[in-house]
Amino acid sequence: VQLQASGGGLVQPGGSLRLSCAASGRTFSGYTVGWFRRAPGKEREFVAAIRWMGGRAYYADSLKDRVTISRDNAWNTVFLEMNNVKPEDTAVYYCAADRQLILSSLRDAPQYDYWGQGTQVTVSS
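Student: Account for the nonpolar core, with residues named and values stated.
Tutor: Judged by nonpolar contacts, the single largest core of 40 residues is most densely connected at Phe28, Trp35, Val78, Leu80 and Tyr93. Counting residues per element, the ones that place at least two in this core are strand S1 (2–6), strand S3 (17–24), strand S4 (32–38), strand S5 (44–51), strand S7 (67–72), strand S8 (77–82), strand S9 (91–98) and strand S11 (119–123). Discounting chain neighbours no more than four positions away, the residues touching Phe28 are Leu3, Cys21, Ala22, Ala23, Val33, Trp52, Asn76, Thr77, Val78 and Ala97.

Right under this line is the structure:
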């Protein structure tokens, strides 16, 4: 499956953003789709993940009050919405997918086999 992340850009502090991860080549059916981010000078960080079958969502504890992950079956797309964004949310955001993830692995980036190209989010006034 090929992944295309989009929706990044410049956002003012306190604003909101919505990122999209579209699949091509095959559907997301049976996959777990995750969002990760890498800020300048920092390690890659788990943001959220969703099971395509059933829609169960999982969030990083530090972000769960500001982030929502969702899916659209018709468009074969996963969305990441973040509100009340802060300068520390500035990062390249990546979506990833895998079919074989167990619960203990879905926050672990190396467990994902398929990655999108990333989309830059900059939070600044």
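Student: Just give me the short version of the pairing of S8, but keep the residues and values in it.
Tutor: Burial of S8 is extensive: five of the six residues sit out of reach of the surface. Examined bridge by bridge, S3 and S8 share six bridges and lie antiparallel to one another. Residue pairing for S8: Leu17 is matched across the bridge by Met82. For S7 and S8, the ladder comprises six bridges, and the chain directions are antiparallel. Bridge pairing links Asp72 to Thr77 in S8. Counting the residues that bridge the hairpin from S7 to S8 gives four residues, and of these Asn76 lies at a positive phi of roughly 50°.

Student: Explain the sheet that holds S7 residue by residue, including any values.
Tutor: One open sheet holds the four strands; their spatial order is S1-S3-S8-S7, and the pairing between them is antiparallel. Each edge of the open sheet is held by one strand with a lone partner, namely S1 and S7. Adjacent strand axes in the sheet meet at a mean angle of 20° when their direction is disregarded. Strand direction decides the pairing type here: S1 and S3, joined by five bridges, are antiparallel. By the bridge assignment for S3, Leu3 is matched with Ala23.

Here is what the cut-offs are and how they apply
- Residues numbered from 1 in each chain as written.
- Predicted model: local features only at pLDDT ≥ 70, side-chain atom pairs only at ≥ 80, totals over all residues.
- Heavy atoms only, no water.
- Core = buried A, V, L, I, M, F, W, Y, C linked by side-chain atoms within 4.5 Å.
- Buried < 20%, exposed > 50% of the residue type's maximum accessible area, 1.4 Å probe, protein only.
- Helix = DSSP H or I, 4+ residues; strand = E, 2+ residues; numbered from the N terminus.
- Contact = heavy atoms within 4.5 Å.
- Pairing = 2+ DSSP bridges.
- Axes fitted to C-alpha atoms, helices over the stretch in contact; angles between N-to-C directions.

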